[in-house]
Amino acid sequence: MSSFGRDVAFAARTLRKNPAFAVTAIATLALGIGATTAIFSVTNAVLLRPLPYHEPERLAIIWGELRARNVADWIFAAGDLKDVMDQATLFEGIAGVRTGTAPLIVEGSPPQQIRTAAATPNIFDVLGVRVARGRNFQPEDGRPNQLVQFQPGQAPAGPPPNLLPGIAILSDEFWRGQYGSDPSIIGKNIQIGGGAPVLVVGVLAPGVELHFPPRAGMERRPDVWISARINYEADLARNNVGWHAVGRMKPGVTLAAAHNQVDQISRGLWERFPLKKTVGLYFRAEGMRDDIVASVRPTIRALMGAVVFVLLIACANVANLLLVRVAGRERELAVRAALGGSTWALTRQLLAESLVLSLAGGLLGLGLAWAGVKLLLRLAPQDLPLIDTVSIDPWVLGFTMAACVVSAVLFGLVPALRASRPQLTDALRAGGRGMTGGHGALLRRAVVVAEVALSFILFIGCGLMIRSAIALNRTDPGFAADGLLTFRLGNMRARSAQEAQAKVASVRQRLGAIPGVTGLTQATQLPLDASPSSGRWGREEARADPSLYQQGQFHFVPRGYFETMRARIIAGRDFDASDEVEGARTMIIDDLVAQMAFPNESAVGKTLLARPGGPDAEPYTVVGVVKHLRHTTLHGEENESIYFQGNFGNAWLVRTSEDPLSIAGPVRAALREVDPQLLITEVVPLSDNVSRAMAPTRFALGLISVFAALAAALAAIGLYGVLANLVRQRSSEIGVRMAFGAQPSSIFRLIIGQGLVLSAFGIVAGLLGAFWLTRAMGRMLVGVTPTDPVTFASIVALFFGIAAAACWIPARRAASLEPNVALRED
């Protein structure tokens, strides 16, 4: 057996003889290593692991910007997309894609909602994924259909002639689940929605996903991919946006070069389309992975930093335990040195003990990490990108092993070096008390100061997150979510406007008759659900100077919407029957629009230009002003909103005086009475949207709170251990003091004071570190600054309280010593 192997075996035997010390050290390390491993598994999956595409580092997402209208992420109009596809020579290919949901119609079965993606035929070549069965899309699959002209009075008999079929490729999961892996589905038509059937030509390889940033609102796992037949030359191809763009850069091309090229393409459009220069249209290229995780990178980095602090504190605690243990073994080590043991041999022996402790703690910590990952997956926000790919993979196992080795060095090296150079004469004479004072005590106190500083920084981060959560809870979303049940109707189609109105009226009648229902309405988008549609608006002078247009959120709602939402109408009125008359051009604006368009004057009765549809902006009369309703986020800036009258939205809201979920069954039954084929989806309380908007802050708060509490507990234990050892070392001194008349209260204050002095040094160091480190949390905070004085002052007071509690027991023990007993303890 090698020397190191003998050292490890001896270390294991030594630790078995001191089980209390071994269990305490291993449990402390397991907590630190387990927490670090769990968070690293998230970091690995979200920030480090390559995306599941061929050479994913060459993929870029291309965005537009409307800088003159303060719009950061603008999607593509078809004509602009074609220009980028044709002119971006630094890319092997650029594809356009958009996603949504639609009903799958199967004869003899109720419709079911599926996820769909419409894309240019080159989408899979650009992404670098393969079609496992059948064939890939081909260029002719994207050839647009020709418009068919009919003479006045002539009705089309059946589908238009020469209509090209839609071409579809199924996901592997949908093919297996819906069609039982039947290969004969290739070459057959399937019915999606109310349009023409689409022809299935292939099945994708397993696991193909579409990765975009959460703010894009894209479906990650489309069931059916359809080759889009885009007419790039249509009149509205330059005005109506709807396409997300992803490109594959050529080998060796840098992202900066690709960005510069698409930026130049956008500038080239200015000469041909002056409006694009007026709105400040620019294109930019973002690395796909960086763009996907941009919103969560600060949070994950902060959590990783927090959990590394916990590991460092755990190591410091074990180092303190080892320093105390080594102090008790100094006579043994001195004897070994006197018998010829070299400094390296003694150091190696103690490092072997550290490694055994660390590996045992790592093994236990790995089990804790496995359970922690399961819990994280349950608690994490639904839109946290790539969170469902978190696992304990080989990279995570390697990280755990490295953490064990590094931890062993961190907490074992200083005690080992200190113990490897014993003062032989003092140690042999004093019976092993050479390290009870002097440098040994100084080291232990320095370690405690470091523990306090690190845990104090964590507590500051926790305090800032608590303040953010409080501010988020106090945010007024502009509506009352409690008591609202929401759902969507996916296929409420009709052959005419009259039939559609009759169906809506029937739905309203049936739902209104449900006991407990006090109001109902519909909308094109639900609050805090997704990015609403946008459009330009402006005052009359914008007609002559288009640069004066603004870009706002547009919504179509029926009368009674604001009453059902319990939104506050500040001025004017709600929509009424007069707004439903054909040709009526009225709008309700929120207070943000009113402040921008009509500062210091009433907006009611004024006229604004807006383009909710059609090629040009038209004048609309403002009939009311409503308090801003939040549609995309609960914190931060949000674009202004304009509401138009309309009852064609597929999102419905039912207000009840009871628990919203209690009427979910009656709502479904009432809708089935209207039409058994109605596709009813997403039946959830609106409060779920509010909870989802708060989920990232709550997630970060929960984890940082756990880490801060763990760190504070470890720091308090370390402080307690140092003071308890100090009382033991100074028992004779305390006895002398008491023999000369010192009162127990003065001894109590002495020990408490020493503990608080150590804590004060740690808090001061923590304050300096927190002022610097918390700046990285800026994007995570809501309504509070990273250097918030209230938070800092509160945490200082709290930490002194924790320190005083940790000092209490050692101080009470010192104060209760009997002088004659204390004088005999030497």
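Reference entry: report on the structure contained in this document. Each residue is numbered by its place in its chain's sequence as written, counting from 1. In view of the model being predicted, local features appear only for residues whose pLDDT reaches at least 70, and side-chain atom pairs are presented and counted only at 80 or more, with totals across whole chains, interfaces and linings using the full set of residues. Hydrogen atoms and water are omitted, and side-chain values are computed over all heavy atoms in the structure.

1. A closer look at the packing of aromatic side chains
Line of reasoning, step 1. Between rings of Phe, Tyr and Trp, where Trp is taken as its six-membered ring, a pair exists when centres lie within 6.5 Å; planes separated by under 30 degrees are stacked, by over 60 edge-to-face, and by other angles tilted. Taken as a whole and judged by the stated rule, the model has 18 aromatic pairs.
Line of reasoning, step 2. Ring plane angle 80° and centroid distance 5.4 Å describe the contact between F459 and F799, whose orientation is recorded as edge-to-face. Here F799 lies in helix α22 (residues 789-815) and F459 lies in helix α14 (residues 438-474), a separation of 340 residues in the sequence.
Line of reasoning, step 3. Per-residue accessibility, obtained with a 1.4 Å probe over protein chains only, is compared with the maximum for each type, and a residue is labelled buried under 20%, exposed over 50%, and partly exposed between these values. Judged by relative accessible area, which is 4%, F799 ranks as buried.
Line of reasoning, step 4. Aromatic pair F487 and W652: ring centres 6.3 Å apart, planes at 5°, arrangement stacked. Taken together, the residues F487 in strand β13 (residues 484-489) and W652 in strand β22 (residues 651-656) connect sequence positions 165 residues apart. For the residue pair F487 and W652, the accessibility class agrees, reading buried in each case.
Line of reasoning, step 5. Three or more aromatic residues link up through ring pairs in this structure, and these residues are F554, F556, Y620, F644 and F648.
Line of reasoning, step 6. Seen from the ring of Y232, K82 lies directly overhead, with NZ or CZ sitting 5.8 Å from the centre.
Line of reasoning, step 7. Between K276 and the ring centre of F273, over which it is positioned, the NZ or CZ distance is 5.7 Å. Strands here mean DSSP runs of E at least two residues long; helices mean DSSP runs of H or I at least four residues long; both are numbered from the N terminus. Both a distance and an angle decide whether a charge sits over a ring: NZ of Lys or CZ of Arg must be within 6 Å of the ring centre and within 35 degrees of the ring normal.

2. A short note on the packing of helix α3 (residues 78-87) against helix α6 (residues 255-272)
Line of reasoning, step 1. Fitting a line to C-alpha atoms yields each axis, with helices limited to the stretch in contact; the angle taken between N-to-C directions then spans 0 to 180 degrees. Orientation of α3 relative to α6, taken along the N-to-C sense of each, is 130°, at an axis distance of 10 Å. The angle between the axes of α3 and α6 places the two elements in the oblique class. The chirality of how α3 crosses α6 is right-handed. Where α3 approaches α6, its residues D80, D83, V84 and Q87 are matched on the opposing element by Q261, V262, I265, L269 and R272.
Line of reasoning, step 2. Looking at the contact of α3 with α6 residue by residue, the classes come out as 4 nonpolar, 2 polar and 3 charged. Just so you know how the angles are binned, under 35 degrees is roughly parallel, over 145 roughly antiparallel, 65 to 115 roughly perpendicular, and the rest oblique. By definition, turning the near helix anticlockwise from the far helix through less than a right angle yields a left-handed crossing, and turning it clockwise yields a right-handed one. Contacts: residue pairs with any heavy atoms within 4.5 Å of one another. We call Asp, Glu, Lys and Arg charged. Ala, Val, Leu, Ile, Met, Phe, Trp, Tyr, Cys and Pro are nonpolar, and the rest, Gly among them, are polar.

3. Structural notes on the pairing of β13
Line of reasoning, step 1. Counting buried positions over the 6 residues of β13 gives 6, a clear majority of the element.
Line of reasoning, step 2. By this definition, two strands are paired if DSSP reports at least two bridges between them. Bridge analysis of β13 against β22 gives 5 bridges, and the strand direction is antiparallel. When the bridges of β22 are listed, R488 appears paired with A651.
Line of reasoning, step 3. Relative to strand β23 (residues 680-685), β13 runs antiparallel, the two being bridged by 4 bridges. Note that in β23 the partner of L489 across the bridge is I680.

4. Section: the nonpolar core
Line of reasoning, step 1. Residues grouped as a nonpolar core are buried Ala, Val, Leu, Ile, Met, Phe, Trp, Tyr and Cys residues, joined through side-chain atoms within 4.5 Å. Formed by 111 residues in total, the largest nonpolar core has its most connected members in V97, I123, F124, W225, M288 and F707.
Line of reasoning, step 2. The leading source of residues in this core is helix α19 (residues 687-729), at 16 residues.
Line of reasoning, step 3. If sequence neighbours within four positions are ignored, F124 has contacts with V129, V131, N136, F137, I169, L204 and W225.
Line of reasoning, step 4. With 27 residues, the next largest nonpolar core counts V71, A258, I265 and F283 among its residues.

These values are about where atoms sit, not about what they do.
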